[in-house]
Amino acid sequence: MTEKTLRATYRILDASSNRALEGLRTMEEWARFANDDHEMSAELKSIRHCVANAVGRLPRSTMLAARDTPGDVGTEITVPTEMMRSSVASVVAAAAARTAQSLRVIEEYGKTIDGQLASEIERARYRTYTVAALLELSLPADDRQRRLAASSLYVLVDAGVDEAAFSESVRGLYQSGVDVLQLRDRSASDRTLLQRSAVAALIARQCGGLFIVNDRADLAFASDADGVHVGQEELPVADARRILGPDKLIGLSTHSIDQARDAVADGADYIGCGPVFAGRTKTFDRYVGPAFLQQVSAEIELPAFAIGGIDLTNLDQVTGAGIHRVAVTGAVRDADDPAEAVAELKRRLGKPVTK
Ligand SMILES: Cc1ncc(COP(=O)(O)OP(=O)(O)O)c(N)n1
Ligand SMILES: Cc1nc(C(=O)O)sc1CCOP(=O)(O)O
Ligand SMILES: [Mg+2]
């Protein structure tokens, strides 16, 4: 092995052992101080010491001499969500992934220097898989469902004239009280929808809101949105779920009580119920009116958002039918002061009932 290759190998082993030990410590802190779990804390501490002892077989002075943090190009490479964690569950999940990846790196490059090191790290890696899974399963489910249950105002927006205007509008809507925002724009290209969705997903995490992509589970996945909303003619819920997995939200449009019942059976996380009234955004042959909302309110346990032509002039008909969640477009888009319209809608909706 050339001097240059050997130095690079020690640099990798140094960085990866630091990353692995940091990840193990991050997991250990939750097991110790949040879960008060003596057994899990002890196991994570034991793995951390095994890794440290195994890496201790390497010449520390050589590792330190190979370290060059100021020259590390990786420190400048970031992704938007790298500095964001939407929940403690995501902190622990990131630490578990980082630890496993780093142990694998130490194991593989360590094989070129010390086989005993590699086999000790392999044992530590398998132990980490087990304890990390138990730790992640001990955590409260990601709070996406909790935030959905607490949501009452859902606003649908288009891609806007450019990313800057879109970002400003999205942030303003969340800050004025919008709980859920959906990007719905038939005229935008996939590339534009993806870029806008990635931006909105990040802003949603920063503001504590939820961001949903209309129709397209692929774009929702690629942008790390909180979920997708599909209609009766788009991907079935089950197929959207296969793409997004169990932790993302899938909303389904419903226009009858049978469709609402099917939505529950199909595993949707929430439903849109409409079109209730004629509106300015989308036209229909028929409107379900408040009667459908009464049926849903009486029977369906999922969060149900009334949609279609809803604004402050007819909101009382919606809440009077027992639905305290609405999804609107025109009522905010066409308002003289969108922030004030949001605030007034939220005031009139109050805290959502449990369904
Ligand atoms: C919250 C919510 N409810 C209903 C719809 C309508 O979805 P869909 O029937 O797929 O029609 P389009 O929005 O795709 O035209 C929605 N988007 N959001
Ligand atoms: C996109 C959409 N879907 C509906 C449904 O009933 O499925 S109603 C609707 C339009 C919502 O916009 P506005 O609040 O401006 O009427
Ligand atoms: Mg649709």
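For the structure itself, look to the data block above.
Each value, and the rule that gives it
Residues numbered from 1 in each chain as written. Chains lettered and ligands numbered in written order. Predicted model: local features only at pLDDT ≥ 70, side-chain atom pairs only at ≥ 80, totals over all residues. Heavy atoms only, no water. Helix = DSSP H or I, 4+ residues; strand = E, 2+ residues; numbered from the N terminus. Buried < 20%, exposed > 50% of the residue type's maximum accessible area, 1.4 Å probe, protein only. Contact = heavy atoms within 4.5 Å. Areas by Shrake-Rupley, 256 points an atom, 1.4 Å probe, with all protein chains shown as cover. Axes fitted to C-alpha atoms, helices over the stretch in contact; angles between N-to-C directions. Left-handed = near helix turned anticlockwise from the far one by under 90°. Nonpolar A, V, L, I, M, F, W, Y, C, P; charged D, E, K, R; others polar. Near = heavy atom within 4 Å. Polar contact = N/O pair within 3.5 Å; in protein donor to acceptor, adjacent residues only side chain to side chain. Donors = N, O, S within 2.8 Å, 3.2 Å for Na, K, Ca; no water. Phe/Tyr/Trp six-rings, centres within 6.5 Å; stacked < 30°, edge-to-face > 60°. Salt bridge = Lys/Arg side-chain N within 4 Å of Asp/Glu carboxyl O. Arc of directions from axis to C-beta. Pairing = 2+ DSSP bridges. Core = buried A, V, L, I, M, F, W, Y, C linked by side-chain atoms within 4.5 Å.

S.K.: Honestly, the overall build of the chain in this entry has me stumped. Any pointers?
M.R.: Within the chain one finds 15 helices and 8 strands. By residue count, 46% of the 355 residues in the chain fall in the buried class. Sequence separation of 24 or more characterises 66% of the internal contacts of the chain that already satisfy a separation of 6 or more. Total accessible area on the chain is roughly 17,500 Å²; 53% of this is exposed by carbon and sulfur atoms.

S.K.: Explain the packing of helix α11 (residues 257-265) against helix α12 (residues 289-299) here, please?
M.R.: The geometry of a pair of packed helices is captured by two quantities: the angle between their axes and the separation between those axes. Remark: α11 packs on α12, axes separated minimally by 10 Å, with the N-to-C direction vectors making an angle of 35°. In the packing of α11 onto α12, the handedness of the crossing is right-handed. Contacts between α11 and α12 involve Ile-257, Ala-260 and Arg-261 from the first element and Phe-292, Gln-295, Val-296 and Glu-299 from the second. Its residues placed into classes, the contact of α11 with α12 shows 4 nonpolar, 1 polar and 2 charged.

S.K.: It is not clear to me how the site of ligand 1 should be interpreted in this structure. Could you clarify?
M.R.: As a structural note, the neighbourhood of ligand 1 is formed by 16 residues, with Gln-182, Arg-184, Arg-186, Ser-253 and Lys-282 the closest of them. Here an oxygen atom of ligand 1 sits 3.0 Å away from a polar atom, N or O, in the side chain of Asp-215. Burial of ligand 1 by the surrounding chains reaches 93%, relative to a free accessible area of 420 Å². Every element with two or more residues in the shell around ligand 1 is listed here: β1 (153-157) and β4 (227-230). Residues of the shell around ligand 1, tallied by class, amount to 5 nonpolar, 6 polar and 5 charged.

S.K.: Looking at this structure, I do not really get the site of ligand 2. What am I missing?
M.R.: Not every one of the 13 residues close to ligand 2 is listed here, only the nearest: Pro-275, Thr-281, Gly-309, Thr-329 and Gly-330. Between ligand 2 and Pro-275 there is a distance of 2.9 Å, counted from an oxygen atom to a backbone nitrogen or oxygen. Within the backbone of Gly-330, a nitrogen or oxygen atom sits 2.8 Å from an oxygen atom of ligand 2. Class assignment for the residues of the shell around ligand 2 results in 4 nonpolar, 8 polar and 1 charged.

S.K.: I'm lost on the coordination of the magnesium ion (ligand 3) in this one. Help?
M.R.: At this site the magnesium ion (ligand 3) is bound by Asp-215 (OD), Glu-234 (OE) and Glu-234 (OE), with donor distances of 2.0 to 2.6 Å. One end of the pair, Asp-215, is in the loop between β3 (210-214) and α9 (217-222); the other, Glu-234, is in the loop between β4 and α10 (237-244), and 19 residues separate them in sequence. For Asp-215, a relative accessible area of 15% translates into the label buried.

S.K.: Please clarify how the packing of aromatic side chains should be interpreted in this entry.
M.R.: Two measures describe an aromatic ring pair: the distance that separates the ring centres and the angle between the ring planes. Using the criterion set out here, one finds 5 aromatic pairs in the structure. Where Tyr-154 meets Phe-305, the ring centres are 5.2 Å apart and the plane angle is 70°; that geometry is what we call edge-to-face. Taken as a pair, Tyr-154 in strand β1 and Phe-305 in strand β7 (residues 304-307) lie far apart in primary sequence, 151 residues in all. When its relative accessible area of 2% is taken as the criterion, Tyr-154 is described as buried. One aromatic cluster in this structure is built from Tyr-154, Tyr-270 and Phe-305.

S.K.: I tried to follow the pattern of salt bridges on my own but got confused; where do I start?
M.R.: If the charged atoms of two oppositely charged side chains come close together, the side chains can form a pair. Across all of its chains, the model carries 27 salt bridges by this definition. Asp-179 serves as the salt-bridge partner of Lys-346, at 2.8 Å between the closest nitrogen and oxygen. Of the two residues, Lys-346 is situated in helix α15 (residues 338-349) and Asp-179 in the loop between α7 (163-176) and β2 (180-183); the sequence distance between them amounts to 167 residues. By relative accessible area, which is 24% here, Lys-346 ends up partly exposed. With a shortest N-O distance of 3.3 Å, Arg-348 and Asp-316 are connected by a salt bridge.

S.K.: Just to check I follow, could you spell out α11 for this structure?
M.R.: Since the α-helix packs 3.6 residues into each turn, any two residues three or four apart lie on the same face. Those residues of α11 lying buried are Ile-257, Ala-260 and Ala-263. Angular distribution of buried residues about the axis of α11 spans 110°; they occupy a single face of the element. Of the surrounding secondary structure, the elements contacted by the buried residues of α11 are β5 (249-254), β6 (270-273) and α12. Following α11 by one or two positions, Gly-267 adopts a phi angle in the positive range, close to 85°.

S.K.: Whenever I open this one, the sheet that holds strand β8 (residues 326-328) confuses me. Can you help?
M.R.: What holds strands together in a sheet is hydrogen bonding between their backbones, with the strands either parallel or antiparallel. Taken in spatial order, the 8 strands of this closed barrel run β1-β2-β3-β4-β5-β6-β7-β8, and their pairing is parallel. Recorded for the sheet is a direction-independent mean angle of 25° between the axes of neighbouring strands. Bridge count between β1 and β8: 3 bridges; the pairing is parallel. The partner of Val-155 across the bridge, within β8, is Val-328. Along the sheet, α10 makes contact with β4 and β5, crossing β5 at roughly 160°.

S.K.: What exactly am I supposed to notice about the nonpolar core here?
M.R.: Where a protein is soluble and globular, its nonpolar side chains tend to be buried together. Within the largest apolar cluster, 59 residues are counted, with the highest numbers of intra-cluster contacts made by Phe-211 and Val-296. Residue contributions to this core peak at 6 residues, all from helix α8 (residues 190-207). Ignoring anything within four residues of it in the chain, the contact list for Val-296 reads Ile-257, Ala-260, Ile-271, Cys-273, Ala-304 and Ile-323.

Everything listed is a geometric property; what it means functionally is a separate question.
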